[in-house]
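Here are the chains, one letter per residue:
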Amino acid sequence: MTDRSVPIRDMRLDAIRAKVLEGTRLSFDDGMLLYETDDLAGVGALANVVRERKNGNRAYWVRNQHINYTNVCNKFCKFCSFYAKPNGPQAYTMDMDTVRARVLDHIDHPITEIHIVGGIHPRLPFDYYLDLLRTVREARPAVHIKAFTMIELQQIQIVAGKPMKDVLVELVEAGLGSIPGGGVEVLSDRLHAELFDRKLDGVEWLETARTAHELGIRSNATMLYGHVERPEERVEHMVRLRELQDDTGGFLTFIPLSFHPENTELAHLPSPTGFDDLRNIAVGRLMLDNFDHVKSFWIMNTPAVTQVALWYGADDVDGTIHEYEITLDPESGKKQVLSRGQLLDMIREAGRDPVERDTLYNIVAED
Amino acid sequence: MRLDVVADKVYAGERLTFDDAMALSASNDLPRLAHLAQHVRFRLHPERVVTFIASRNINYTNACWVQCKFCAFYRLPRDEQAYTLSNQEILAKVEELVACGGYDILIQGGLNPKLRIDYFESLFREIKARFPTVHIHGLSVAEVLYVAKISKLSERETLIRLRAAGMATIPGAGGEILVDEVREAIAPYKDRTDEWLGLMRTAHELGMRSTATMMYGSVETQEHRIEHLIRVRELQDETGGFTAFAAWSFQPDGTALQPKRRSTGYEHLRMMAITRLMLDNVPNLQASWVTQGPKIAQISLDYGVNDFGQTMMEENVVSAAGTAFSLTPGEMSRLIRSAGYVPKLRNTYYDIVGDPDSLQPSRPVEPGRGVSDSTTWDADMRRRLNASQSDSNAQQEA
């Protein structure tokens, strides 16, 4: 008789089901099998066990705004459509008046988080980053500032000419609250050499995250999938994140990112499918047993898949996302945004309880 | 728990009731619904195969007096945007299809007061004379009923004459929701439930196969949808004439009906699972990538769907209501494979006729209205397709 609580079709998943029900950690080989099996619904059912154990029926969302302060970047990652070459026709860098205006544009929205990331601009001084944080904090003192991927932090450290620890302390004094999870892509030497060799490597990314966590600064971790990475590289990525999390406990959320090939050097590749999106969320949920949260970032995965993902391991949908410029709506070429009402409808229709959170998962409101 | 009782019936192969379907409708547990739907899907189709057909849509007229509130495609017969394609234009479209290796046309249009049976007889005869192996899947129930009326013929006589002219199977479009109070609300001048089912019954009795469809997400309730499925199931018990079922969500842009909320992919997956579980006697269930997009359409393969529908070449009806996803045969195959299934080409009777690996896009998808798509494959493939299709026709005649 089929186990009613967690139905699987592929009986090779039986041992993993036993481990999941007991709460035993999954191995690298387990991760490989979760990628290999055709039984995605079975993988989803297993991920849902962990999802409901950790987060009950809650689905988190946040009211947030993004500021992408520059698209100038000297890293030329093959998977990126956002960067402009320095002095290129479409290059921009926001001055402080622009940053302040962007914040004030949304001052009537009850936003709790401003997410700030940009390209690696070789000529911005340390003071630019400090001013950026101070400007946002002055314009909107109550908001939490989540800023600068580990890649940007490395650049900031270079221009600051100080140890990373000191740089982080100064950034926190200027307003930094936490660190987003981008820039890690996939923790693999092969992929680093092939796709983003000018950017810091996996060891450096993890060490930067460790330094931040040791100072009490929380961060997220992402995984960019659907380009040329292999399943074993995804599993390895998850295992390495899990190891660091065992040491520091500093990661808040794991965020698989669905690659968008349009306008990148990898434009010949097909887009990740709905199966890919759900599977990476589900496997992430199962492997990363020491992460509290797994997010389906609706801008990358589409709102439709995100709603479904709430039953495949995801407990977070990100948020309203004002002013996101990195991947535009493929149809209209415009910035994408969801209203509070749309987010609540999406979560409620899927039978989950919407909870508005702030960046650190403090509850703002249970609707 | 009520759902456990339903699950036991599914595993035991028992038929589900209206109340069982309501219990399924109350569950949000997607992986569980997927698991149950897969139980039925793999009982009917044990192999991990997903089919589709290399076919073209031809909408011969948009002139229509019926004014269905959910439709953005029609123009009133005197509207300056009303069109009727000439036989020459239609033949040119068929020629394009055949040139790139297609073998099936889905021909449907509005209820145009000027087009009586002789128009269709001459059109179908011309198509068959020039392209004898092309399968004509066409004229939906509403069109056949209307042609019968304005030609002063019985339904049976109309079907016999259309079939003699070359129309082989009947698409299930216009099923909408087979509950009269819903039909009155969304399409007051169109056929009622018993008329729709009656025409299908006559066609099946004559040996013509058809599909059945459902358009959900307008004004109906979940109860109405389930009643629809039960009406289809009852007729199928009588005739066995339905080859497949397709369900798509109402696309409101440009129509007279504006629902408070739009149907979602999440709702579609649940609808597909419930449909697969209720329609235990209809062999095939189609994906709706035109309305749902490639991601949700692919995921629906885990929710009871075993067919990816048709390569349309053009789509004019749903795209008039604001939704126009397009897929090439190569992309359809990739989505199917990436979900762990093997893609196969089928004919209108769901016989497997070929391997889409030998399909090659012959020109890039052109930007513009609807779906633009074309395929080529080798002569050997075409021969096999034609042979298989003649066999099916022969079986039908028998």
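Refer to the preceding data block for the structure.
What this report covers is the structure whose coordinates are included nearby. (Residues numbered from 1 in each chain as written. Chains lettered and ligands numbered in written order. Predicted model: local features only at pLDDT ≥ 70, side-chain atom pairs only at ≥ 80, totals over all residues.)

### Comments concerning the overall build of chain B
Turning to step 1, where the next piece is worked out: Regarding its fold elements, chain B presents 14 helices and 12 strands.
Turning to step 2, where the next piece is worked out: Scored against the burial criterion, the 398 residues of chain B give a buried share of 53%.
Turning to step 3, where the next piece is worked out: A separation threshold of at least 6 residues defines the contact pool for chain B, and within that pool the share at least 24 residues apart is 79%. (Helix = DSSP H or I, 4+ residues; strand = E, 2+ residues; numbered from the N terminus. Buried ≥ 20, exposed ≤ 12 C-beta atoms within 10 Å, placed from the backbone. Contact = placed C-beta atoms within 7 Å.)

### Notes on the interface of chain B and chain A
Turning to step 1, where the next piece is worked out: At the interface, 28 residues of chain B touch 27 residues of chain A.
Turning to step 2, where the next piece is worked out: When residues of the side of chain B that touches chain A are traced back to their parent elements, those giving at least two are α1 (2-12), α3 (30-44), α11 (265-278), α12 (289-299) and α13 (329-338) of chain B.
Turning to step 3, where the next piece is worked out: When residues of the side of chain B that touches chain A are assigned to their parent elements, the largest contribution, six residues, is made by α3 of chain B.
Turning to step 4, where the next piece is worked out: Of the residues assigned to the side of chain B that touches chain A, the class counts are 11 nonpolar, nine polar and eight charged. (Nonpolar A, V, L, I, M, F, W, Y, C, P; charged D, E, K, R; others polar.)

### Some points on α13 of chain B
Residue and element names in this part refer to chain B.
Turning to step 1, where the next piece is worked out: All of the buried residues along α13 are Pro-329, Met-332, Ser-333, Leu-335 and Ile-336. End-on, the buried residues of α13 take up no more than an arc of 160°, which puts them together on one face.
Turning to step 2, where the next piece is worked out: Downstream of α13 by a residue or two, Gly-340 has a phi angle that is positive, lying close to 85°. (Arc of directions from axis to C-beta.)

### Notes on the sheet that holds strand β3 (residues 113-116) of chain A
Residues and elements named next belong to chain A.
Turning to step 1, where the next piece is worked out: Strands sit in the order β2-β3-β4-β5 across an open sheet of four strands; the sheet is parallel. Every other strand in the sheet has two partners, leaving β2 (64-67) and β5 (176-178) as the edge strands with one partner each. Averaged over all pairs of adjacent strands, the angle between strand axes in this sheet comes to 40°, irrespective of strand direction.
Turning to step 2, where the next piece is worked out: Inspection of the sheet shows strand β4 (residues 144-147) paired to β5 by two bridges, in the parallel sense. Across the sheet, the residue bridging to Ile-145 is Leu-176, located in β5.
Turning to step 3, where the next piece is worked out: The sheet strands contacting helix α5 (residues 126-139) are β3, β4 and β5, and the helix crosses β4 at an angle near 155°. (Pairing = 2+ DSSP bridges. Axes fitted to C-alpha atoms, helices over the stretch in contact; angles between N-to-C directions.)

### Regarding the packing of helix α6 (residues 141-150) of chain B against helix α9 (residues 193-205) of chain B
Residues and elements named next belong to chain B.
Turning to step 1, where the next piece is worked out: With their axes 10 Å apart at the nearest point, α6 and α9 run at an angle of 85° to one another. When the axes of α6 and α9 are compared, the pair comes out roughly perpendicular. In contact with Val-141, Val-144 and Leu-145 of α6, α9 contributes Glu-195, Trp-196, Leu-199 and Met-200.
Turning to step 2, where the next piece is worked out: Across the contact of α6 with α9, the residue classes break down as six nonpolar, no polar and one charged. (Parallel < 35°, antiparallel > 145°, perpendicular 65-115°, else oblique.)

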